[in-house]
Amino acid sequence: MSFAADLFAGHQALVTGGTSGIGAAMAGQLAACGANVVVTGRQQASVETYNAAAPARTRAAQLDVTDNAAVQRLVATLLRLDIVINCAGLIYREAEYDPARFAEVLDVNLTGSLRVAEAARSLLARQGGAIVNIASMLSFAGGPHAPGYAAAKGGVVQLTKSLAVRYAAQHIRVNAIAPGWIETKFTRAVKDDAERYESIRGRTPMRRWGQPEDVAGAAAFLCSPAAAFITGVTLPVDGGYLAA
């Protein structure tokens, strides 16, 4: 535990895409610091699996972030809201050269983050809350194997800046995290390729892949009072990958 157990005591958090991987780690970190956390998953099966072994102070709810009415309904069930983490993600890789797939990936990763932020805005303003969006290494580099995902994550960086400026008057901070190569189900296809796995590890100055908990710690910091004068930034959590 790198943070006080009562850092977020009495706070309510919402983590989209939080039933597994990085999202689940961030939700767990917030709960370990005292927050009550609602995590969401697109599939009911993932929600049920999460709830069967949910950490203390967390619960999962089904949500499709491309459904504006559903987003509004979920936020309306909350009496207060202090933290929002937009982690819902989708990737089809090469199939994203199909315009329909491309549009779907943008709708989940980029427009979905806007939907949730706008729905949560009035509740966050009551406490002066924080939003953390999830960007990517592909926010900064081309993604020939995932053009829709790269475009969406590039957009997340700009959306974060725009919302930070727009929401500042309501004392809502908006930042983003750009995870590097993190060991999750999302990156399993690359991890299972021994040559690529070692190539990425070798390119990373810290000589390892990241773990979801590495991202969770950064998220807790950005949501905490220690980051009270930080807004509009995208923080790489990549072991130095971008610097190499």
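Note: the structure precedes this text.
Just so it is clear, the model here is predicted, and its values are computed rather than measured. (Residues numbered from 1 in each chain as written. Predicted model: local features only at pLDDT ≥ 70, side-chain atom pairs only at ≥ 80, totals over all residues. Heavy atoms only, no water.)

Draft legend 1. A look at the packing of helix α3 (residues 68–76) against helix α4 (residues 99–127). As a packed pair, α3 and α4 sit with axes 9 Å apart at the nearest point and diverge in direction by 30°. When the axis of α3 is compared with that of α4, the two are roughly parallel. α4 is crossed by α3, and the crossing has right-handed handedness. Note on element contacts: α4 touches α3 through R115, V116, A119, A120 and L123, opposite N68, V71, Q72 and V75. Partitioned by chemical class, the residues of the contact of α3 with α4 number six nonpolar, two polar and one charged. (Axes fitted to C-alpha atoms, helices over the stretch in contact; angles between N-to-C directions. Helix = DSSP H or I, 4+ residues; strand = E, 2+ residues; numbered from the N terminus. Parallel < 35°, antiparallel > 145°, perpendicular 65-115°, else oblique. Left-handed = near helix turned anticlockwise from the far one by under 90°. Contact = heavy atoms within 4.5 Å. Nonpolar A, V, L, I, M, F, W, Y, C, P; charged D, E, K, R; others polar.)

Draft legend 2. Highlighting the packing of aromatic side chains. In the structure shown here, the tally under the stated rule is two aromatic pairs. Where W181 meets W209, the ring centres are 5.5 Å apart and the plane angle is 50°; that geometry is what we call tilted. Of this pair, W181 sits in the loop between β6 (173–179) and α6 (188–191) while W209 sits in the loop between α7 (194–203) and α8 (212–223), placing them 28 residues apart in sequence. Owing to a relative accessible area of 24%, W181 belongs among the partly exposed residues under this scheme. Overall, the relative accessible area of 3% leaves W209 in the buried class. Pairing Y197 with W209 gives two aromatic rings, centres 4.8 Å apart and planes at 20°, and the pair type is stacked. Taken together, the residues span a long stretch of sequence, with Y197 in helix α7 and W209 in the loop between α7 and α8 at a distance of 12 residues. The buried category is assigned to Y197, whose relative accessible area is 18%. Put simply, the rings of W181, Y197 and W209 pair up and form one aromatic cluster. Lying across the ring of Y92, R101 places its NZ or CZ 4.1 Å from the centre. The lysine or arginine in question, R203, covers the ring of Y241, its NZ or CZ lying 3.9 Å from the ring centre. (Phe/Tyr/Trp six-rings, centres within 6.5 Å; stacked < 30°, edge-to-face > 60°. Buried < 20%, exposed > 50% of the residue type's maximum accessible area, 1.4 Å probe, protein only. Lys NZ or Arg CZ within 6 Å of the ring centre and 35° of its normal.)

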